[in-house]
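Each chain, letter by letter, is given below.
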Amino acid sequence: NWDRPFLELVILATGLEDGWSDKGVAGAAGDGSRVLIASAAAAVDMYEYDSATSTLRRIDQVMRADSIQLDRTGSRILLNNTDVYDRDFQLLGQLPANTIAAVFSPNLPRLYAYDSTGQLSSYDLSGTAVTPIRSWSPGASAGDPLRRVVMTITAEGWTLLIAGTSGVLVEYIPDNAR
C-alpha cells in the first residue's frame, strides 16, 4: 500500500547546518535475515531490520561505520573492514589496521582480508575470538591500495575476486587457508 510507509523513517544525518547530510551504510546477512544500518560520518544510534518480524528497531549501539558486512547468518559482523563482532556486538577481535578489504566466507566461519601491502589473510571465526589461519601473497596485485579496493567471494567459497586500479585479481584460496 503506497499511502502507508512499510518501515519507519530512519534519518542517519547529524544535521544539515552546512548543507550536506551524512551518508548511511547498510549491511545484510547472506540469508537476508538481518540488516544493520549506521552512519558513515558520525557516531549515532545503529538500526537493525529483522526480516522474520518485518521490524526496524534502534539497537543499543552508538557507532560510526564506513562499511558494514555480516556473515551468512548475521551472527558475525565486520565494521570498517577491521572490527569483528558477534551478533550482540561483543568485540571478537580486530583485523590488522592496514586491512583495506575483507569478505566473509559464504559457507565456513572464515573471514578473508586484503591489506595495503598486497597480502591476503584468512581468519577463523568459529570461536569467541578472531584467530589467524594463514597469510599468502596472491599471484598479482589489485593495484594502488590507496584507492578504492573491493573484494568479494564466489558462492562455493573457493575463489576471491579483488577489484582495484589494475583490474580484477582472481585468487584461488589455498586449501590450508580455508
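Our subject is the structure that appears above.
Residues numbered from 1 in each chain as written. Predicted model: local features only at pLDDT ≥ 70, side-chain atom pairs only at ≥ 80, totals over all residues. Heavy atoms only, no water.

Peer 1: Please explain the sheet that holds strand E14 (residues 159-164) as it appears in this structure.
Peer 2: Strands in a sheet are paired, the pairing made by backbone hydrogen bonds, and the direction either parallel or antiparallel. Across the sheet, three strands lie side by side as E13-E14-E15; this open sheet has antiparallel pairing. Across the chains shown, the open sheet's two edge strands, defined by having one partner strand only, are strand E13 (150-153) and strand E15 (167-172). Pairs of neighbouring strands in the sheet enclose a mean axial angle of 20°, with direction left out of account. In the sheet, E14 pairs with E15 via six bridges, with the strands oriented antiparallel. Each residue of the ladder has a partner; that of Ala163, found in E15, is Val168. (Pairing = 2+ DSSP bridges. Helix = DSSP H or I, 4+ residues; strand = E, 2+ residues; numbered from the N terminus. Axes fitted to C-alpha atoms, helices over the stretch in contact; angles between N-to-C directions.)

Peer 1: Explanation requested: the environment of Leu160 in the structure shown.
Peer 2: Relative to the assigned elements, Leu160 resides in strand E14. The buried category is assigned to Leu160, whose relative accessible area is 0%. (Buried < 20%, exposed > 50% of the residue type's maximum accessible area, 1.4 Å probe, protein only.)

Peer 1: Quick question: what am I supposed to make of the sheet that holds strand E3 (residues 44-50) here?
Peer 2: Across the sheet, which stays open at both edges, the four strands sit in the order E1-E2-E3-E4 with antiparallel pairing between neighbours. What marks the edges here is a single partner per strand, and that holds for strand E1 (24-28) and strand E4 (55-63). In this sheet, adjacent strand axes meet at a mean angle of 25° when their direction is disregarded. The pairing of strand E2 (residues 34-39) with E3 spans four bridges and is classified as antiparallel. Opposite Arg34, over in E3, you have Asp50 as the bridge partner.

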